[in-house]
Amino acid sequence: MHTLKIPLIVFLLFFWGDDISALQQTEDVPTKLFKLAALENKFESSAVMMEGLLSQLADNEKSREIISVIMGSFDAHQMRESAVMSIRRSLNENHAQALFQFDEEQKLAPILKALHGNEVDFQDGEMEEVLFDYLTELEATPEGEKRIEALRDIIQKTRLVPITVQMYEDIIATVIFGLNVILPEDERLTDRAVNELVITMRVSFRELFNNILPYSVLYATKELTMEQIGEFSAFFGSQAGQWFIRMYNTAILDSYGEFAQAASASIAAWVLERSENELE
């Protein structure tokens, strides 16, 4: 995983002015915002999840072929470019300047990595035991409940759960579409049935992430002080913080929307080629 480690104030000290226009001309601000938001971590972790999910569904040759097509559409470089372009469209120089100032003072990387790319694996038995011990110890301390509530507030302000659910919904919808088209025509789900299945899975994912994400983020931020958590929460509630959240959440959804379209087009092309080969 990668996080932005070079203080952005180094560049701001050179080009400080009424806005960051000069900075934009010299440094790619949207790319810096992409890195600061830890979206690379978000894409990496979701790619691992998607690969694991798809591998579980590859129970025959046809499904393995279509899964290969879907995974082939997941272009990390293109995802990054789509996100940066989305950020560029949302760029607000005043808010970006305030964001860079806050990052220089408080270092946003730890909280953003915890939100978008923490490595808490709930399927790892050892990790599960470590997490349980940590939570038990935390709940026994006076500040434990306050810490949990403060992180829940950050999760709510950043809209982590609904955005994560929407992102995985795009993945799941694409997977269901791909697996559906390889079925014999008389066994395929109707469009309505596919939509109902996606909605059902969305509810399940929302419940899952509502239960898991607070504890995942709680453990991933265990080295942060309550003072830091309070400062992050206050910033995320500010105008600049809310702009930053809207900007990177839009970039996430734009990127996964484009991935879903690319994957659907690849699936359609694969089906057409397969049909043509069968007619020969």
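Quick caveat: nothing in here was measured; it's all calculated off a predicted structure.

(A) Fine view of the overall build of the protein. Scanning the protein from terminus to terminus reveals 14 helices and zero strands. Put simply, the protein runs from its N terminus to its C terminus through helices and strands in the order α-α-α-α-α-α-α-α-α-α-α-α-α-α. Considering the protein as a whole, with its 280 residues, one finds that 42% of them fall into the buried category. Residue pairs in contact within the protein that sit at least 24 positions apart in sequence constitute 86% of those at least 6 positions apart. Of the roughly 14,900 Å² of accessible surface on the protein, 51% is carried by carbon and sulfur atoms.

(B) Molecular detail of helix H12 (residues 191-220). The end-to-end C-alpha distance of H12 is 40 Å, a good match for the 44 Å that 30 residues give at a rise of 1.5 Å each. Residue Ile 212 marks the point of greatest curvature in H12, where the axis turns by about 30 degrees; the proline Pro 214 follows within four residues. Taken residue by residue, H12 has Val 194, Val 198, Phe 205, Phe 209, Leu 213, Pro 214, Ser 216, Val 217, Leu 218 and Tyr 219 as its buried positions. Buried residues belonging to H12 abut helix H8 (109-117), helix H9 (125-139), helix H10 (144-158) and helix H11 (160-181).

(C) Molecular detail of the packing of aromatic side chains. Under the counting rule described, the total for this entry stands at 10 aromatic pairs. With a centroid separation of 6.2 Å and an interplanar angle of 55 degrees, the aromatic rings of Phe 235 and Phe 236 are classed as tilted. Relative to Phe 259, the ring of Tyr 256 has its centre 6.4 Å away and its plane inclined at 80 degrees; by these criteria the two rings are edge-to-face. Within this pair, Tyr 256 and its partner Phe 259 are both found in helix H14 (residues 239-279), separated by three residues, close to a single helical turn. Residues Tyr 256 and Phe 259 agree in their burial class; the two are buried. Each member of the aromatic cluster is reached from another via a ring pair, and the members are Phe 34, Phe 43, Phe 74, Tyr 256 and Phe 259. Just above the ring of Tyr 219 sits the side chain of Lys 222; from NZ or CZ to the centre is 4.1 Å.

(D) Representation of a negative patch on the surface. A contiguous patch of negative charge, built from Asp 124, Glu 126, Glu 128, Glu 129, Asp 133 and Glu 137, is present on the exposed surface. Accessibility expressed as a relative area gives 57% for Glu 137, which makes it exposed.

(E) Examining H9 more closely. For H9, spanning 15 residues, the distance from its first C-alpha to its last is 21 Å, which sits close to the expected 21 Å at 1.5 Å a residue. For H9, the elements touching its buried residues are H10 and H12.

(F) Representation of the pattern of salt bridges. For the structure on display, the rule yields seven salt bridges. With a closest N to O distance of 2.8 Å, Arg 80 and Glu 40 form a salt bridge. Within this pair, whereas Arg 80 is found in helix H6 (residues 76-90), its partner Glu 40 is found in helix H4 (residues 39-57), the two being separated by 40 residues in sequence. The residue Asp 254 makes a salt bridge to Arg 89 at a minimum N-O spacing of 3.2 Å. Taken together, the residues span a long stretch of sequence, with Asp 254 in helix H14 and Arg 89 in helix H6 at a distance of 165 residues.

What counts, and where the lines are drawn
Residues numbered from 1 in each chain as written. Predicted model: local features only at pLDDT ≥ 70, side-chain atom pairs only at ≥ 80, totals over all residues. Heavy atoms only, no water. Helix = DSSP H or I, 4+ residues; strand = E, 2+ residues; numbered from the N terminus. Buried < 20%, exposed > 50% of the residue type's maximum accessible area, 1.4 Å probe, protein only. Contact = heavy atoms within 4.5 Å. Areas by Shrake-Rupley, 256 points an atom, 1.4 Å probe, with all protein chains shown as cover. Expected span 1.5 Å × (residues − 1). Bend = angle between axes of the 7 residues up to and from the residue. Phe/Tyr/Trp six-rings, centres within 6.5 Å; stacked < 30°, edge-to-face > 60°. Lys NZ or Arg CZ within 6 Å of the ring centre and 35° of its normal. Patch = residues over 30% accessible without salt bridge, like charges linked within 9 Å, V, L, I, M, F, W, Y side chains within 5 Å. Salt bridge = Lys/Arg side-chain N within 4 Å of Asp/Glu carboxyl O. Lys, Arg positive; Asp, Glu negative; His and termini not counted. Charge placed at Lys NZ, Arg CZ, Asp CG, Glu CD.

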